[in-house]
Amino acid sequence: MSNAASLRELLAEGEELTIVCHNNPDPDCLASALALGRIAAAAGIEDHHILYSGEISHQQNRAFVNLLDIDLRPFDADAVRDRPDESLLAFVDHAVPGANNRVPEATPIDIVIDHHPAEGIEARFVDHREAIGATATILTEYVRALELDLDLTLATALMFAIRRETLGFLRGVTAEEYEAAKYLHGHADRDLLKQLSSPSVSGATVDAIATAIENREIRGAVLISHVGRTSERDALPQAADYLASLEGVETAVVFGIIDESIQLSARSTDSRVHIGNALHAAFADVGSAGGHREMAGGEIPLGIFADADLDGPDLLAIVEQIVTARLVEELQLSEQSDDRPAPSEE
């Protein structure tokens, strides 16, 4: 039996489906959740909900939700606790309770569909393919195999998610992404795809990216920078994408303080570096970090700086010193920066 048929058979047993997105969901997660909801409806489940935690702050993510009118609900722990047998729980674009989500550890999961590196996945149905470029690609396969009605909204959501996750079919792309795009192409709204690709950018995001550019340090082919303290979480991956395109740079890591944690985002085109493994090795003992060979991220609670004033002016200097030192050690970099921006003259 194919994965698509097995999934439909499991869904046919249920009466309710709760789909949990990972923290701060991106288009790949949101489109996958939308598609799984459609598959569930076709299998006879009339009551399904998409839950998310964190924020939808990236301008593309906000546009994605608003323009496609995706019905989302804030995460509710009661929705995943003590469920009856006919109430199913699904993860898309993440895999393990308590890892990049607010679901309590050891919560029974019915469905997991993901492409991120993960260990210890337990569910009644698991489709975990690290080699695939996007979770939306897997869901597109299911939609096609099950011969679901592919309307404009679903096709546009899946198409944009695949394009965004693979950075325009340039990062981590496989033959499956091209096959999915070929299938979706004639059904997607091209004007809407253009709107989603070029949303307006907030001044705070621009300021954060500018700060990352100013603070950059280059050691060999590795660039390390920070955005200071910011409310613009999604400015970090945007800054990492931009700085990774700098001439001579093959790996870029950008971090910053957001609320009560240190967030990291990294990009790499260096075949010698698996940036997901590198971040995990550098920060797993103090937080959570990891990802793919070319794209990764992490989060470190500020609680590790218990003796520091979390609102004091010296905190950023401490964070910069410790995070940079860990990256330098793990990536085996030289102690001296090759390109620290020269101080301005007054």
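What you see is a predicted model, and the numbers here were worked out from it, not measured in a lab. (Residues numbered from 1 in each chain as written. Predicted model: local features only at pLDDT ≥ 70, side-chain atom pairs only at ≥ 80, totals over all residues. Heavy atoms only, no water.)

**Quick notes on the overall build of the chain**
On a plain count of helices and strands, the chain comes out with 11 helices and 12 strands. Each principal axis of the C-alpha distribution contributes one length, and for the chain these read about 70 × 45 × 35 Å. In the chain, buried positions account for 51% of the 346 residues. Long-range contacts, defined here as pairs at least 24 residues apart, represent 63% of the contacts in the chain between residues at least 6 apart. Summed over its atoms, the accessible surface of the chain is roughly 16200 Å², and 46% of this surface lies on carbon and sulfur atoms. Charged side chains in the chain number 25 positive and 60 negative. The centres of these two groups are separated by 5 Å. (Helix = DSSP H or I, 4+ residues; strand = E, 2+ residues; numbered from the N terminus. Buried < 20%, exposed > 50% of the residue type's maximum accessible area, 1.4 Å probe, protein only. Contact = heavy atoms within 4.5 Å. Areas by Shrake-Rupley, 256 points an atom, 1.4 Å probe, with all protein chains shown as cover. Lys, Arg positive; Asp, Glu negative; His and termini not counted. Charge placed at Lys NZ, Arg CZ, Asp CG, Glu CD.)

**Quick notes on the pattern of salt bridges**
Going through the model one piece at a time under the given rule, you end up with 15 salt bridges. Arg124 is the salt-bridge partner of Asp110, the closest N and O atoms lying 3.2 Å from each other. Of the two residues, Asp110 is situated in the loop between strand E4 (87-92) and strand E5 (111-114) and Arg124 in the loop between E5 and strand E6 (125-128); the sequence distance between them amounts to 14 residues. On the accessibility criterion, Asp110 (7% relative accessible area) is buried. As a salt-bridge pair, Glu141 and Arg129 come within 3.0 Å of each other at their nearest N and O atoms. (Salt bridge = Lys/Arg side-chain N within 4 Å of Asp/Glu carboxyl O.)

**Structural notes on the nonpolar core**
Inside soluble globular proteins, nonpolar side chains tend to come together where they are buried. With 58 residues, the main nonpolar core has Leu11 and Leu17 as its most contacted residues. A total of 9 residues in this core trace back to one element, the largest contributor, which is helix H2 (residues 27-42). Those residues in contact with Leu11 that sit more than four places away from it in its chain are Leu17, Leu36, Ile39, Ala40, Ala43, Ile45, Leu88 and Ile111. The next biggest cluster of nonpolar side chains, apart from the first, holds 27 residues, and it includes Val273, Ala278, Leu302 and Phe305. (Core = buried A, V, L, I, M, F, W, Y, C linked by side-chain atoms within 4.5 Å.)

**Topic: the side chain of His226**
Note that His226 resides in strand E8 (residues 222-229). One polar contact links the side chain of His226 to the main-chain amide nitrogen of Gly228, over a distance of 3.1 Å. (Polar contact = N/O pair within 3.5 Å; in protein donor to acceptor, adjacent residues only side chain to side chain.)

**Digging into the sheet that holds E8**
As summarised here, the arrangement of the 6 strands in space is E7-E8-E9-E10-E12-E11, forming an open sheet in which the pairing is mixed. Bordering the open sheet on either side are strand E7 (217-219) and strand E11 (288-291), each of which pairs with just one other strand. Across this sheet, the average inter-strand angle for adjacent strands is 15°, counted without regard to direction. Bridge analysis of strand E9 (residues 251-258) against strand E10 (residues 261-268) gives 8 bridges, and the strand direction is antiparallel. By the bridge assignment for E10, Phe255 is matched with Leu264. In the packing of helix H9 (residues 235-243) onto the sheet, the strands contacted are E8, E9 and E10, and the crossing angle to E9 comes to about 155°. (Pairing = 2+ DSSP bridges. Axes fitted to C-alpha atoms, helices over the stretch in contact; angles between N-to-C directions.)

**Quick word on the confidence of the model for the chain**
On average, the chain scores 91 in pLDDT, and the residues at 70 or more come to 94%. This model gives residues 341-346 a pLDDT under 50, and the stretch forms 2 contacts once residues within four places in sequence are excluded. (pLDDT = per-residue confidence, 0-100.)

**Overview of the side chain of Asn24**
On the secondary structure map, Asn24 appears in the loop between strand E1 (16-20) and H2. From its side chain, Asn24 meets the backbone nitrogen of Glu55 in a polar contact 2.7 Å long. In this structure Asn24 touches Ser53, Gly54, Glu55 and Arg233, once residues within four positions along its chain are discounted.

**Comments concerning empty space enclosed by the protein**
Regions of empty space are outlined by a rolling probe, equal in size to a water molecule, passed over the atoms. According to the stated counting rule, one finds 1 cavity of 30 Å³ or more in the structure shown. Within this model, the largest cavity holds a volume of roughly 60 Å³. Lining of the largest cavity is provided by Asn215, Glu217, Arg219, Ile224, Ser225, His226, Phe255, Glu320 and Thr324. Elements supplying a minimum of two residues to the lining of the largest cavity: E7, E8 and helix H11 (315-330). (1 Å grid on protein atoms, 1.4 Å probe; cavity = no way out; pocket = protein on both sides within 12 Å on 5 of 7 lines; lining within 4 Å. Points joined across faces, edges and corners; volume = space filled by probe spheres on them.)

**Thoughts on the pairing of strand E12 (residues 295-301)**
With 7 bridges joining them, E10 and E12 adopt antiparallel strand pairing. Each residue of the ladder has a partner; that of Ala266, found in E12, is Ala296. Across 4 bridges, the pairing between E11 and E12 is antiparallel. Paired with Gly291 across the bridge in E12 is Ala296.

**Brief notes about the environment of Pro108**
By the secondary structure assignment, Pro108 is in the loop between E4 and E5. Note on Pro108: relative accessible area 59%, which makes it exposed. Those residues within four positions of Pro108 in sequence are excluded, and the remaining contacts are Arg83 and Leu89.

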